[in-house]
Amino acid sequence: MEYNGGCVIAMGGKNCLAVASDLRFGLENFTQGLNTPKMFRINQKMFIAMTGLLGDIATLKQVIEYKLSLYSTKESKTIRPLILVTMLSLFLYQNRFSPFVVETIVAGLNENEKPLICTMDVLGATSFSSKFVVSGTCSESLYGICENYWKPGMEPEELFKTISNCLILGSNRDCLSGWGGMVHIISTNGVETKSLKTRMD
Amino acid sequence: MDTVISLIGRNFGILAIDTISPRSIFIMKKDLNKCVEIGKNKYLIVSGLPGDVSQFTDFIQKSVQLNSLKTGIPFSTHSVANFVRKELSECLRKNPVKVNLTILGFDDSIGPSLYFIDYLGNLQRMNYCVQGHASLLVFSLLDRHFKKEMDIKPAIGLLVKCIGVLKNRFLINQVGFLIKIIDSKGCRSVGIL
């Protein structure tokens, strides 16, 4: 899990959602690339973010895209966040004895514009939260910081400031994460993407 | 371990690759060409365990050729890179192949592109890349001196700097470096440094 490094946060606000990740691509202690966000857009209101082995992240992303195409063709509608969580959880457990070495976060807005955030471990065990979820090499620091700064009922601008602060502060001390950051803010108006300036070390 | 230094310039891609074939403490062959051409506009360089290298290189080269014959469409660099990544990813859990690859290609629509894939299936598109133990020495030099859209002469100058550092400080005497360029005219060798 610590081979490539990286960290991801997802936070829920008032009818909005924010997902942030760092941009480092590393090979153990060596930083090979500075442009690898670990978040992927599923549809207008959903994101999937993963930390762990980058090869497995890429494979899992392609598997999800494939399953979603099949779903939208069969059901003729866009998938809801809870359905995706269940599908992903089952798929991860199918590889019980040779698991994908990734920790997944699913973040999406429901039909009633309420945020749904969920994290999964390597075998697909889900854990829903109404506040925030974190994943990555510096998850302990991120848990502490987010617990401190998260407030209920945040609007998109305040949510963006909070999640950016949490990402920067949490990944500062971790050598395997950082090297830039990216935040997606999902609200009823659409998705806004912003880059963060962090310590480049 | 092989050293491959590759960069993207203005409408061309250039790489420097060492030419020795070592076996334990001996140099078996001093003038080995490790670049494999895929199609007319892509270079594939594979390094790692010797048996895995030759088997995987042949497999990729012939599979891509077969697929482009079957479909009648020449493959782009992006598709070749993703195809290799998928094969490595599947091999990881069945019959692990310990190879790292660099793919440098030129497409008429996109221009030059450079991909690095490691043995776990991590694919990364980059502007400059070093593969091998030499990456510890050369990467920071490239971070400092690389500029986007360089012309050929400054790019070769930068490669000369990198090779100078290796000849000064790298334990293994990599006798010569073969310089290859890919641009709209195709693949060609420039010389040996």
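For the structure itself, consult the block above.
Residues numbered from 1 in each chain as written. Chains lettered and ligands numbered in written order. Predicted model: local features only at pLDDT ≥ 70, side-chain atom pairs only at ≥ 80, totals over all residues. Heavy atoms only, no water.

Helix and strand counts for chain A stand at 4 helices and 12 strands. Its C-alpha atoms put chain A at 45 × 40 × 25 Å along the principal axes. For chain A, the residues scored as buried account for 54% of the 201 residues in total. Taking all contacts inside chain A whose residues are at least 6 apart in sequence as the whole, residues at least 24 apart take part in 60%. For chain A, the accessible area works out to roughly 9,300 Å², and carbon and sulfur atoms hold 52% of it. With 19 positive and 18 negative side-chain charges, chain A shows a separation of 4 Å between the mean positions of the two kinds. (Helix = DSSP H or I, 4+ residues; strand = E, 2+ residues; numbered from the N terminus. Buried < 20%, exposed > 50% of the residue type's maximum accessible area, 1.4 Å probe, protein only. Contact = heavy atoms within 4.5 Å. Areas by Shrake-Rupley, 256 points an atom, 1.4 Å probe, with all protein chains shown as cover. Lys, Arg positive; Asp, Glu negative; His and termini not counted. Charge placed at Lys NZ, Arg CZ, Asp CG, Glu CD.)

Negative phi characterises most residues that are not glycine, and trans characterises most peptide bonds. Residues and elements named next belong to chain A. A positive phi is found at Glu-28, a non-glycine position, where the angle reads about 55°. Within the fold, Glu-28 resides in the loop between strand E3 (25-27) and strand E4 (30-33). With phi around 60°, Glu-113 is a residue other than glycine that occupies positive phi space. In this structure, Glu-113 sits in the loop between strand E7 (102-109) and strand E8 (115-120).

Now for the packing of helix H3 (residues 135-145) of chain B against helix H4 (residues 152-169) of chain B. All names here are of chain B. The contact between H3 and H4 brings their axes to 10 Å, and the two run at 150°. Here H4 runs roughly antiparallel to H3, going by the angle between their axes. Like other packed secondary-structure pairs, H3 and H4 cross with a definite hand, here right-handed. Counting all contacts with H3, which are made through Leu-137, Val-138, Leu-141, Leu-142 and His-145, the residues of H4 involved are Leu-158, Lys-161, Cys-162, Val-165, Leu-166 and Arg-169. Grouping the constituent residues of the contact of H3 with H4 by class yields 8 nonpolar, 1 polar and 2 charged. (Axes fitted to C-alpha atoms, helices over the stretch in contact; angles between N-to-C directions. Parallel < 35°, antiparallel > 145°, perpendicular 65-115°, else oblique. Left-handed = near helix turned anticlockwise from the far one by under 90°. Nonpolar A, V, L, I, M, F, W, Y, C, P; charged D, E, K, R; others polar.)

A separate point is the environment of B:Ile179. Residue and element names in this part refer to chain B. Here Ile-179 shows up in strand E11 (residues 177-183). Each C-alpha atom, one on Ile-179 and one on Ser-189, is 6.0 Å from the other, the two residues being 10 residues apart in sequence. If near-sequence neighbours (up to four positions away) are discounted, Ile-179 is found in contact with Ile-14, Leu-15, Ala-16, Leu-159, Ile-163, Arg-188, Ser-189, Val-190, Gly-191 and Leu-193.

This part takes up the sheet that holds strand E12 (residues 186-192) of chain B. All names here are of chain B. Taken together, the 5 strands give an open sheet; going across it, the order is E10-E1-E2-E11-E12, and neighbouring strands pair in antiparallel fashion. A strand with exactly one partner marks an edge of an open sheet, and here the two such strands are strand E10 (128-131) and E12. Across the sheet, the mean angle from the axis of one strand to that of its neighbour is 15°, orientation sign disregarded. Where strand E1 (residues 4-8) lies against E10, 4 bridges are found, and the strand directions are antiparallel. Paired with Leu-7 across the two strands is Tyr-128, which belongs to E10. Contacting E1 and E10, H3 crosses the sheet at an angle of about 170° to E10. Its contacts with the sheet place H4 against E1, strand E2 (12-18), E11 and E12, and it is angled at close to 20° to E2. (Pairing = 2+ DSSP bridges.)

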